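For reference, the chains in residue letters:
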Amino acid sequence: APLPPPPSSGRPRACVRFKCGLSGPVLDVLRCRPGWQQARDEEEWDFFWCDVSWLRENFDHTYMEDHVRICHFRNHYELSRKNYLVKNLKRFRRQLEREAGKLEAAKCDFFPKTFEMPSEYRLFVEEFRKKPGVTWIMKPVGRSQGKGIFLFRKLKDIVDWKKSDNRVPYSGSFPMDTLSGIWLPEKLSVFSPSFPYTTLKGVTAYEQKDETQIETYVAQQYIENPYLIGGRKFDLRVYILVTSYIPLKAWLYRDGFARFSNTRFTLNSIDDHYVHLTNVAVQKTAPDYDPEKGCKWMIQQLRQHLTAKHGAGAVAVLFADMDNIFIKSLQSVQKVIISDKHCFELYGYDILIDRDLKPWLLEINASPSLAASSQEDYELKCHLLKDTLHIVDMEGRLSGKEKRVGGFDLIWNDGPVSRGGNLGDPVTGNFVANTHLGCFNDRKKQLRELFGSLPA
Amino acid sequence: AMLDQDSGLSLTIARIVQRLKGSSLHSQLERQARVSLHKPEIKLESLKEDIKDFLKTSGWEKKLQNAVYSELNVFPSPCHPAAPPEHMKEPLAYMRKAQGSWEKRILKSLNSMCTELSIPLAQKRPASEQKELLNKWNEMGTDEPDLSLFRPVYAPKDFLEVLMNLRNPNYENGEQPSFRNHLGLIQVPLKVKDIPELKEDFSELGLNIGQLGIDDSAQVPPEFFENEHVRIGQKVLAEQDSAAAQQYVRQGCPTALRADLWALILNISNQPEDILYYEQLKSNVIQHDLLVDSLIYKDVKLTASNDDYYFVFEDYLYQVLLCFSRDTSVLEHFTYSSATPPKSYIRGKLGIEEYAVFYPPNGVIPFHGFSMYVAPLCFLYHEPSKLYQIFREMYVRFFFRLHSISSHPSGIVSLCLLFETLLQTHLPQLFYHLREIGAQPLRISFKWMVRAFSGYLATDQLLLLWDRILGYNSLEILAVLAAAVFAFRAVNLMEVTSLAAAEAVLADLSTLKVMPLLQIFLFATVT
């Protein structure tokens with residue numbers, strides 16, 4: 001049978017054959033989409049919602065026709081692995097400072113001070129000594145759901161950690177500077193199995209091969225004054241869809257949620273894993289977790305609460321600062337990500353707000369959890385995925401000039417996007433960003449207007 | 001003989017003067033007046049006038065105005081000078097009697113729980129427990145006391161049964177259904193408003209008047225109404241005028257201004273002595289353990305903690321409600337409430353008045369769902385003593401009427417009758433159909449009204465509704481909204497064939513938009 005014509009020819013696709021590596025809302029949405037059929041085992045496909053392990057093993061030797069779409073970029077880990085993210089952000093910041101000065105570079109200061117371990121341990125110790133009493137958090141770069149994370153205040157704690165069984169062990173030895181209790185690395189060679197990091201640039205290639213064996217960590221300054229509601233810490237999960245890096249085209253979803261820690265925040269209980277981590281996955285194992293309770297608020301709720309407390313002006317500044325985080329983080333990897341027209345990616349950003357209403361970027365997930373913890377959550381994720389597919393537009397319905405599709409607003413189109421008017425119109429008067437995070441999401445109505453009678 | 005206007009006015013003035021005389025505002029005004037004597041603009045020959053002018057320009061006159069306005073709002077107009085004090089509580093004898101019996105039942109229930117569990121009504125905490133509680137004050141929600149043996153003293157549906165059995169002995173009420181009987185559950189002949197009267201009372205909700213909750217939606221450009229409304233709100237706050245604020249919030253409060261506007265209407269300023277008073281209540285909580293504390297814990301755990309949005313505020317709820325139980329200033333509201341606080345006697349001194357105490361100290365026994373009165377306020381107020389005062393004032397102005405038997409137009413009995421009458425008059429087919437299938441509408445809407453819709457509506461919608469309660473100083477809007485909800489879902493309700501199915505249609509109100517529903521029901525329905 002002949003392949004369906006690609007969307008660029010202007011004719012609508014007859015049938016989209018999809019593959020899906022996950023179950024749950026993603027599969028449900030794909031199955032229900034009109035004109036989409038699940039590809040049989042050996043059949044060719046036009047669309048694949050794959051998981052990252054498939055990508056790693058197969059992408060490089062898979063031929064894809066022009067019209068085919070896949071839900072990840074080849075080297076998405078430049079954003080999603082914490083050590084790469086910090087590397088890219090630091091490099092971008094330096095570049096900005098050179099090109100546009102200190103003030104512009106300061107806009108990149110939304111990432112807490114982070115050091116790769118053990119390769120940057122000396123830099124870390126320098127910083128550590130400058131700020132005595134500050135709490136640091138140690139996170140494994142590749143793991144998710146809160147595994148392997150702990151907090152510390154004394155270097156002695158890391159020494160203890162190194163000795164314990166919880167870590168994936170380094171097979172080399174760690175000579176200690178017994179006077180100050182810090183590690184000293186041995187002289188490293190590029191091919192040492194124990195220390196994947198050297199001061200050379202050969203890091204990327206090496207780490208890919210040995211991801212499962214070597215555990216790399218980052219030590220990050222812990223944000224000690226998080227914004228609390230009801231005495232509880234929370235973080236935000238926000239969804240960003242990128243359809244292209246060169247040029248950069250990014251969409252921001254209006255809905256998202258705030259995830260609350262189940263227990264009250266206090267710095268006294270550093271050992272209490274459950275207090276400090278707000279990932280729902282970790283919270284689920286906390287002793288007093290009640291799944292019926294749900295510990296999430298929709299972002300709309302949070303935005304209203306903050307407005308009631310601080311006024312609309314302060315909240316507008318906070319959300320504008322968050323927009324800045326999204327844009328700058330994507331710009332920092334623009335030239336690093338392997339640009340491929342087949343790829344798009346839906347990111348889950350984790351943001352923490354501190355008591356001065358400053359947002360901090362905690363991490364970026366290239367495979368945000370699409371499992372549903374409640375009916376409301378299921379609906380949110382289904383709508384999110386449906387709108388993602390509308391934007392990927394296998395059906396060729398969009399003109400490319402849309403500033404909004406369902407719950408997504410276009411926030412960057414090779415430049416900032418302004419609210420109101422058509423895409424590409426010159427901006428008259430004050431520029432207002434086309435972002436509506438935490439605002440009213442009347443996606444059904446908007447989709448009806450956009451697509452006419454076609455099903456939403 | 002009817003009280004003529006002049007005597008009524010002078011009685012009111014006398015009462016307000018008497019109430020304000022002992023207040024801290026009075027001593028502050030005196031102090032201000034004395035201080036002003038040093039000022040050059042105060043001259044001996046025109047002392048009185050000059051001081052008055054000074055108080056006006058320095059904003060103290062406005063504070064006095066607000067206090068007077070507050071008194072007018074809270075206390076009913078005096079009745080005939082010869083009327084006994086019970087009449088201020090409740091003029092109808094049969095209502096007073098019914099309230100008395102209901103109170104006896106509640107007390108009996110509480111006492112038997114006490115005896116069954118062998119827990120005293122109150123006891124002093126040992127020093128170690130006091131210390132522990134003080135440390136845990138900001139996170140009492142982490143406590144997991146064994147509450148399995150406690151049950152709520154009563155639930156709204158128990159109260160509904162009592163209201164259904166209310167009868168006016170002077171009214172011929174044969175058991176046979178006749179034109180004299182009401183078709184609903186409430187069988188007492190109280191006067192309730194009809195839609196034309198409600199339209200007049202709630203005129204600011206009219207179709208051609210801007211509203212928050214309608215005219216601030218995404219499709220409407222803010223220049224149309226919202227911007228100007230916010231500007232006026234800021235002005236009202238700058239002027240610190242209670243009466244103006246009350247008029248203003250009838251069209252809804254902008255989110256950023258709501259906390260301050262409500263505080264202005266309720267005349268809450270969170271002075272140092274208020275904070276001190278709250279701290280005193282807190283130390284009472286630390287020192288003594290009350291049986292009702294367990295009831296409060298249980299209620300919070302059962303209701304607010306399980307709510308998708310209010311669970312976050314669990315700790316605040318304890319901090320407010322435990323103090324509330326010990327606040328004897330709440331006893332004042334019993335002068336105009338039909339309820340009477342339960343009395344208890346020190347052990348061994350039963351019947352001896354010198355040894356009588358009110359139990360709990362504030363005279364209010366919490367019931368299932370009580371904590372939901374506090375939860376929405378946590379969205380607006382974070383400082384515990386301010387949150388506390390706002391809640392207390394809301395309670396003594398409004399919420400107490402939702403669980404006591406009285407003939408007051410904002411009392412729950414009137415609200416039920418208003419709801420049933422509105423539905424019967426304007427949706428007779430629906431009313432009759434539901435009645436026929438054994439799904440009396442009040443059985444479903446009662447719990448909404450008793451809780452002032454807290455926990456049933458989305459929070460932003462609830463706050464818009466409570467804006468209007470404050471604005472109109474009346475709870476009648478709860479009955480109107482309840483009827484409007486039924487009208488909105490009438491089509492689906494006409495198709496159900498059982499009470500359970502009707503409950504299911506009305507189970508989820510979280511998507512409702514309150515203001516359009518009210519507007520349509522009042523102003524856009526053919527009457």
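This structure is a prediction, so every number in the text was calculated from the model and none was measured.

1. Description of the overall build of chain A
Here comes step 1: Summing up its helical and strand segments, chain A has 14 helices and 18 strands in all.
Here comes step 2: By residue count, 55% of the 456 residues in chain A fall in the buried class.
Here comes step 3: Relative to all contacts within chain A whose residues are 6 or more apart in sequence, the contacts with residues 24 or more apart total 65%.
Here comes step 4: Element-wise, carbon and sulfur atoms account for 53% of the exposed surface of chain A, whose accessible area totals about 20,800 Å².

2. What to know about the domain arrangement of chain B
Here comes step 1: The domains assigned to chain B are domain 1 (1–81), domain 2 (96–150 + 271–382) and domain 3 (195–219 + 401–524).
Here comes step 2: Look at where the C-alpha atoms of domain 1 of chain B and domain 3 of chain B centre, and you get two points 39 Å apart.

3. Details of helix α16 (residues 384–397) of chain B
Residues and elements named next belong to chain B.
Here comes step 1: The end-to-end C-alpha separation of α16 is 20 Å, in line with the 20 Å expected for 14 residues at 1.5 Å each.
Here comes step 2: Taken across its 14 residues, α16 has twelve buried, putting it largely inside the fold.
Here comes step 3: Here α16 has its buried residues at Ser 385, Leu 387, Tyr 388, Gln 389, Ile 390, Phe 391, Arg 392, Glu 393, Met 394, Tyr 395, Val 396 and Arg 397.
Here comes step 4: Close packing links the buried residues of α16 with α4 (60–74), α12 (255–265), α13 (272–287), α15 (314–325) and α20 (459–472).

4. Here's the deal with helix α8 (residues 156–164) of chain B
Here comes step 1: Every buried residue of α8(B) is listed here: Pro156(B), Phe159(B), Leu160(B), Val162(B), Leu163(B) and Met164(B).
Here comes step 2: Looking at the buried positions of α8(B), the neighbouring elements they touch are α6 (93–117), α17 (412–426) and α19 (441–450) of chain B.

5. Observations concerning the confidence of the model for chain A
Residue and element names in this part refer to chain A.
Here comes step 1: Confidence in the prediction of chain A, expressed as mean pLDDT, is 78, and 75% of residues score 70 or more.
Here comes step 2: Within chain A, strand β15 (residues 345–353) carries the highest mean pLDDT (96), whereas helix α8 (residues 203–209) carries the lowest (29).
Here comes step 3: In the predicted structure, residues 288–294 sits below a pLDDT of 50 and forms 13 contacts with residues beyond four places in sequence or in another chain.

6. Structural notes on the packing of aromatic side chains
Here comes step 1: Tallying each qualifying case throughout the model produces 49 aromatic pairs over all chains.
Here comes step 2: Plain terms: the ring middles of Phe313(B) and Tyr316(B) are 6.0 Å apart, the flat faces sit at 15 degrees to each other, and that makes the pair stacked.
Here comes step 3: The exposure class assigned to Phe313(B) is buried, which follows from its relative accessible area of 1%.
Here comes step 4: Seen from their ring centres, Tyr336(B) and Phe400(B) are 5.6 Å apart, and the 70 degrees between their planes marks the pair as edge-to-face. In this pair, Tyr336(B) sits in the loop between α15 and β3 (343–345) while Phe400(B) sits in the loop between α16 and α17, placing the two residues 64 residues apart along the sequence.
Here comes step 5: Exposure remark for Tyr336(B): the relative accessible area of 5% places this residue in the buried category.
Here comes step 6: We classify Phe400(B) as buried; its relative accessible area is 2%.
Here comes step 7: One aromatic cluster in this structure is built from Trp102(B), Tyr154(B), Phe159(B), Phe324(B), Phe367(B), Phe370(B), Tyr373(B), Phe391(B), Tyr395(B), Phe399(B), Phe446(B) and Trp466(B).
Here comes step 8: Here the basic side chain of Lys296(A) rests over the ring of Phe257(A), its NZ or CZ set 4.0 Å away from the ring centre.

7. A short note on the pairing of strand β1 (residues 16–20) of chain A
Looking down a regular strand, the side chains alternate between one sheet face and the other.
Residues and elements named next belong to chain A.
Here comes step 1: Among the five residues of β1, four are classified as buried, and the element is accordingly described as predominantly covered.
Here comes step 2: Pairing analysis gives three bridges linking β1 to strand β2 (residues 36–38), with the strands arranged parallel. Paired with Phe 18 across the bridge in β2 is Gln 38.
Here comes step 3: On the question of chirality, the crossover connecting β1 to the parallel β2 by way of helix α1 (residues 25–32) is right-handed.
Here comes step 4: Summarising the sheet, β1 and strand β3 (residues 47–49) pair through three bridges and their orientation is parallel. Within β3, the residue paired with Lys 19 across the bridge is Phe 48.

8. Re the sheet that holds β1(A)
All names here are of chain A.
Here comes step 1: The four strands lie next to each other as β2-β1-β3-β4, forming an open sheet whose pairing is parallel. Whereas interior strands pair on both sides, the edge strands pair on one side only; in this sheet they are β2 and β4 (69–70).
Here comes step 2: Where β3 and β4 come together, two bridges link them in parallel fashion. When the bridges of β4 are listed, Phe 47 appears paired with Arg 69.

9. What to know about unusual backbone geometry
Here comes step 1: In the segment running from Ile246(A) into Pro247(A), the intervening peptide bond is cis, with an omega of -5 degrees.
Here comes step 2: Along the chain, Pro247(A) falls in the loop between β12 (232–244) and β13 (249–264).
Here comes step 3: Residues Tyr359(B) and Pro360(B) are joined by a peptide bond in cis, for which omega reads -10 degrees.
Here comes step 4: Its place among the elements puts Pro360(B) in the loop between β4 (356–358) and α16.
Here comes step 5: Not every positive phi belongs to a glycine, and Ser118(B) is a case in point at roughly 45 degrees.
Here comes step 6: Relative to the helices and strands, Ser118(B) resides in the loop between α6 and β1 (122–124).
Here comes step 7: A relative accessible area of 63% places Ser118(B) in the exposed class.

10. Describing the environment of Lys108(B)
Here comes step 1: Mapped onto the elements of the fold, Lys108(B) is located in helix α6.
Here comes step 2: Assessed through its relative accessible area of 65%, Lys108(B) is described here as exposed.

11. So, the packing of α17(B) against α19(B)
Residue and element names in this part refer to chain B.
Here comes step 1: In the contact formed by α17 and α19, the axes pass within 11 Å of each other and the chain directions differ by 135 degrees. As the angle between them shows, α17 and α19 are arranged oblique. The handedness of the crossing between α17 and α19 comes out as right-handed. Together, Ile 412, Leu 415, Cys 416, Phe 419, Glu 420 and Leu 423 of α17 and Pro 441, Leu 442, Ser 445, Phe 446, Met 449 and Val 450 of α19 make up the contact between the two elements.
Here comes step 2: Of the residues that constitute the contact of α17 with α19, the class distribution is ten nonpolar, one polar and one charged.

Criteria and thresholds
- Residues numbered from 1 in each chain as written.
- Chains lettered and ligands numbered in written order.
- Predicted model: local features only at pLDDT ≥ 70, side-chain atom pairs only at ≥ 80, totals over all residues.
- Heavy atoms only, no water.
- Helix = DSSP H or I, 4+ residues; strand = E, 2+ residues; numbered from the N terminus.
- Buried < 20%, exposed > 50% of the residue type's maximum accessible area, 1.4 Å probe, protein only.
- Contact = heavy atoms within 4.5 Å.
- Areas by Shrake-Rupley, 256 points an atom, 1.4 Å probe, with all protein chains shown as cover.
- Domains from an automatic or database assignment.
- Expected span 1.5 Å × (residues − 1).
- pLDDT = per-residue confidence, 0-100.
- Phe/Tyr/Trp six-rings, centres within 6.5 Å; stacked < 30°, edge-to-face > 60°.
- Lys NZ or Arg CZ within 6 Å of the ring centre and 35° of its normal.
- Pairing = 2+ DSSP bridges.
- Right-handed = clockwise from strand over helix to strand, strands pointing away.
- Axes fitted to C-alpha atoms, helices over the stretch in contact; angles between N-to-C directions.
- Parallel < 35°, antiparallel > 145°, perpendicular 65-115°, else oblique.
- Left-handed = near helix turned anticlockwise from the far one by under 90°.
- Nonpolar A, V, L, I, M, F, W, Y, C, P; charged D, E, K, R; others polar.

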